[in-house]
Amino acid sequence: MGRTTPEERDTMAKYLLLKHYRGAPEAVNNVPMDRWTPEEVSAHIQYMNDFAAALEKTGEFVDGQALAPEGTWVRYDGEGRPPVTDGPFAEAKDLIAGWMVIDVDSYERAVELAGELSAAPGAGGRPIHEWLELRPFYGVAPTVTE
Amino acid sequence: MDEALLRGLTPGVLGVLVRRGADFAAAEDAVQDALVEALRVWPEDPPRDPKGWLVTVAWRKFLDASRADTARRRREDRVEEEPAPGPVAEVDDTLRLYFLCAHPSLSPASAVALTLRAVGGLTTRQIARAYLVPEATMAQRISRAKRTVSGVRLDRPGDVATVLRVLYLVFNEGYSGDVDLAAEAIRLTRQLAARVDHPEVAGLLALMLLHHARRAARTTPDGALVPLAEQDRSRWDTSAIAEGVAVLQGALARDRLGEFQAQAAVAALHADAPTAGETDWVQIVEWYDELLRLTDSPVVGLNRAVAVGEADGPHAGLAALADVDAAVPRRTAAAAYLHERAGDRATAARLYAEAARAASNLAERDHLTRQAARLNTAVGKDGRP
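Residues numbered from 1 in each chain as written. Chains lettered and ligands numbered in written order. Predicted model: local features only at pLDDT ≥ 70, side-chain atom pairs only at ≥ 80, totals over all residues. Heavy atoms only, no water.

1. With respect to the overall build of chain A
Move 1: Broken down by element type, chain A carries three helices and six strands.
Move 2: The N-to-C order of helical and strand elements in chain A reads α-β-α-β-β-β-β-α-β.
Move 3: Computed over its C-alpha atoms, the radius of gyration of chain A comes to 19 Å, more than 25% above the 15 Å expected for a compact globule of 146 residues.
Move 4: Its C-alpha atoms give chain A principal-axis dimensions of roughly 55 × 55 × 25 Å.
Move 5: Evaluated residue by residue, chain A yields a buried proportion of 27% over its 146 residues.
Move 6: Intrachain contacts of chain A at a sequence separation of at least 6 include 79% that bridge at least 24 residues.
Move 7: When the accessible surface of chain A is totalled, it reaches about 10,100 Å², and 56% of it is carbon and sulfur.
Move 8: Computing the positive centroid from 13 side-chain charges and the negative centroid from 25, chain A places the two 4 Å apart. (Helix = DSSP H or I, 4+ residues; strand = E, 2+ residues; numbered from the N terminus. Rg over C-alpha atoms; globule rule 2.2 N^0.38 Å. Buried < 20%, exposed > 50% of the residue type's maximum accessible area, 1.4 Å probe, protein only. Contact = heavy atoms within 4.5 Å. Areas by Shrake-Rupley, 256 points an atom, 1.4 Å probe, with all protein chains shown as cover. Lys, Arg positive; Asp, Glu negative; His and termini not counted. Charge placed at Lys NZ, Arg CZ, Asp CG, Glu CD.)

2. Section: the interface of chain B and chain A
Move 1: Across the boundary between the two partners, chain B contributes 13 residues, which contact 15 residues of chain A.
Move 2: Buried surface at the junction of chain B and chain A, summed over both partners, amounts to about 1,200 Å²; 58% is from carbon and sulfur atoms.
Move 3: For the pair chain B and chain A, the number of links is zero salt bridges.
Move 4: Linking chain B with chain A are three residue pairs in polar contact (both at pLDDT 80 or more).
Move 5: At the level of secondary structure, the elements contributing two or more residues to the side of chain B that touches chain A comprise α19 (345-358) and α20 (362-381) of chain B. (Buried area = accessible area lost by both parts, 1.4 Å probe. Salt bridge = Lys/Arg side-chain N within 4 Å of Asp/Glu carboxyl O. Polar contact = N/O pair within 3.5 Å; in protein donor to acceptor, adjacent residues only side chain to side chain.)

3. Some details on the packing of helix α14 (residues 259-272) of chain B against helix α15 (residues 281-295) of chain B
All names here are of chain B.
Move 1: The geometry of α14 relative to α15 is characterised by a closest axis approach of 9 Å and an angle of 165° between their N-to-C directions. As far as their axial angle goes, α15 and α14 are roughly antiparallel. The interaxial crossing formed by α14 with α15 has left-handed handedness. Along its contact with α14, which presents Glu259, Ala262, Gln263, Ala265, Val266, Leu269 and His270, the element α15 presents Trp281, Gln283, Ile284, Trp287, Tyr288, Leu291, Leu294 and Thr295. (Axes fitted to C-alpha atoms, helices over the stretch in contact; angles between N-to-C directions. Parallel < 35°, antiparallel > 145°, perpendicular 65-115°, else oblique. Left-handed = near helix turned anticlockwise from the far one by under 90°.)

Below you can see the structure in the form of structure tokens.
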């Protein structure tokens, strides 16, 4: 118990990189996108595409998706009744903008990649220094435990 | 190996199995197995008679599966008594398949998946990749769809409009994964047009050809959208345009106007303009008027308002836009465009940013964000607010 087996050490680990519309600590270069020049917008998109393409080449990319900003809250409302919906809430504190799932050798590598993604250029072509949330996936329970 | 040839044979092979007494779901599975085997074997060992090969292999797969099945259910004898393989007259099985796969009891997503597999001859894996879902999910979707239509008799004539809607959905999915769905939709619509004498089938084929002709000009190499007015028209595919126009003229001559013919007519007018400035907007507005009479769709109303803006000026366009339901997608983007043409750049920038937040896909969101950025930067440089 408590020891890391060779299998566990050698297994790739999956991480979720979460990008927030709202809820993250403030970025350094915090100008909203529609205030950039069109060239800066293009450079940003190119950087994101290149980043994903590079991860595909290294065999570390799993998935990446962007989410629309407006969503709805839904909950069960009892037998025979339609679910209750609410929102969208303009004042919601936390709003996910999208994610990327990576499959990497180590936590250090995951941090390195998140840092690289956070360096995507924004207004003035300078890095946004955006805060990204890095969350490990639960792995599978090892077959060999002793 | 010619994969298009292989796929073109699919519906005919399936038809043979069904006529020999196989039920649709089992026959379709068997044909799919035969296709997968063909993809494996043919590159090394191409058959002299591809269709005969597929029929033989699919029939064997069907018998194998039935035996495995009947070992449990004790129905073996019945299957063994089915007629032996032999040449069968080519009645139009393919056409029946189109109707079956687009049956109104299926959801649009299921009809699309089943059509691509049973009529189009794509493998489940290819369809799954094209729609970005796991293969197991797509396999389930297809097998549920087959269960849904299993009671439908293949000899009943269907409604061609339901088939056209399915093909239109496939076309609009465009290109993702290793299958070009737009090209596949054109192939399937062409195949249908060869079997059904219906002006709307021709209208849809023309519409697809005319839009497909612009594909190379529609995006930049890095994937950004290029609006129609800014496209490099020398990159339009002139042979696809010529074919589309000819197909459309043949359809319009029948004097049974429908939605797809009218939409194709608009596309043909754009294709006919050497530059964006020479577009015959007056005639385009007339076609949108026709379309409104045919469909009363708010999306048509929106497109018409933009066309009116070009024909009679942005203020007329904004007046026409006022009648369009605010909930129609892209209405805000159209308003932004018309306000910019009317000289109100600040309002246009604000509306473009608002439209970007409501966009339903990334390419569109990025395009609208760039428009807002362009106007905001220009406003800033002029020293205006």
